[in-house]
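# Overview (structure and organization)
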Amino acid sequence: MNAITMPSSRAYNVVDHTYDVVVVGAGGAGLRATFGMGAAYMQLNQYEEAIPYLQRATKVTKDYSAAFLNLGKCHEFLGQLIQAREVFLRGIEENSGRGRR
């Protein structure tokens, strides 16, 4: 056997992951895809699944008010009222004086 079909004991460790979506890039289309996955999960009432996507959207673009709003709503719908309030306040702070996005 050769190295391609029979890896040596020094081969890389393979870590298997399961993803709903893989977003490549952090700009425009990637950001919309990330936000869109969160919004899609919200439409299915799967708020816990939506949170990581919306958190990512708020980290990539600090003034993404729709992402902050949806993230806060997810926490609210899950009964996590303290987290919801924190997200709403952070969204207001990040977006003060910037208009709508």
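Description of the structure in this document. Predicted, not measured: the structure shown is a model, and the values here were computed from it.

## Looking at the packing of aromatic side chains
Enumeration according to the criterion identifies three aromatic pairs in this entry. Both rings, one in Tyr41 and one in Tyr53, keep their centres 5.9 Å apart while their planes meet at 25°; by these two values the pair is stacked. Residue Tyr41 is located in helix H1 (residues 28-43), and its partner Tyr53 is located in helix H2 (residues 47-60); the two are separated by 12 residues in the primary sequence. The class of Tyr53 is buried, set by a relative accessible area of 15%.

## Some remarks on unusual backbone geometry
The phi dihedral of Asn45 falls on the positive side, at around 60°, and the residue is not glycine. Mapped onto the fold, Asn45 is located in the loop between H1 and H2.

## What about the environment of Lys62?
Here Lys62 lies in the loop between H2 and helix H3 (65-77). Exposure remark for Lys62: the relative accessible area of 45% places this residue in the partly exposed category. For the pair Lys62 and Arg90, spaced 28 residues apart in sequence, the C-alpha to C-alpha distance is 9.4 Å. Not counting residues up to four positions away in its chain, the partners in contact with Lys62 are Phe68, Glu94 and Asn95.

## Notes on H1
In this model, H1 (16 residues) spans 22 Å end to end at C-alpha, consistent with the 22 Å of a helix rising 1.5 Å per residue. Looking at H1, one finds that the buried residues are Gly30, Leu31, Thr34, Phe35, Met37, Gly38, Tyr41 and Met42. Projected down its long axis, H1 shows its buried positions confined to an angular sector of 145°, all on one face. Exposed side chains of H1 directed beyond 90 degrees from the buried face belong to Ala29, Arg32 and Gln43. A positive phi of about 60° marks Asn45, the residue just after H1.

Criteria and thresholds
Residues numbered from 1 in each chain as written. Predicted model: local features only at pLDDT ≥ 70, side-chain atom pairs only at ≥ 80, totals over all residues. Heavy atoms only, no water. Phe/Tyr/Trp six-rings, centres within 6.5 Å; stacked < 30°, edge-to-face > 60°. Helix = DSSP H or I, 4+ residues; strand = E, 2+ residues; numbered from the N terminus. Buried < 20%, exposed > 50% of the residue type's maximum accessible area, 1.4 Å probe, protein only. Contact = heavy atoms within 4.5 Å. Expected span 1.5 Å × (residues − 1). Arc of directions from axis to C-beta.

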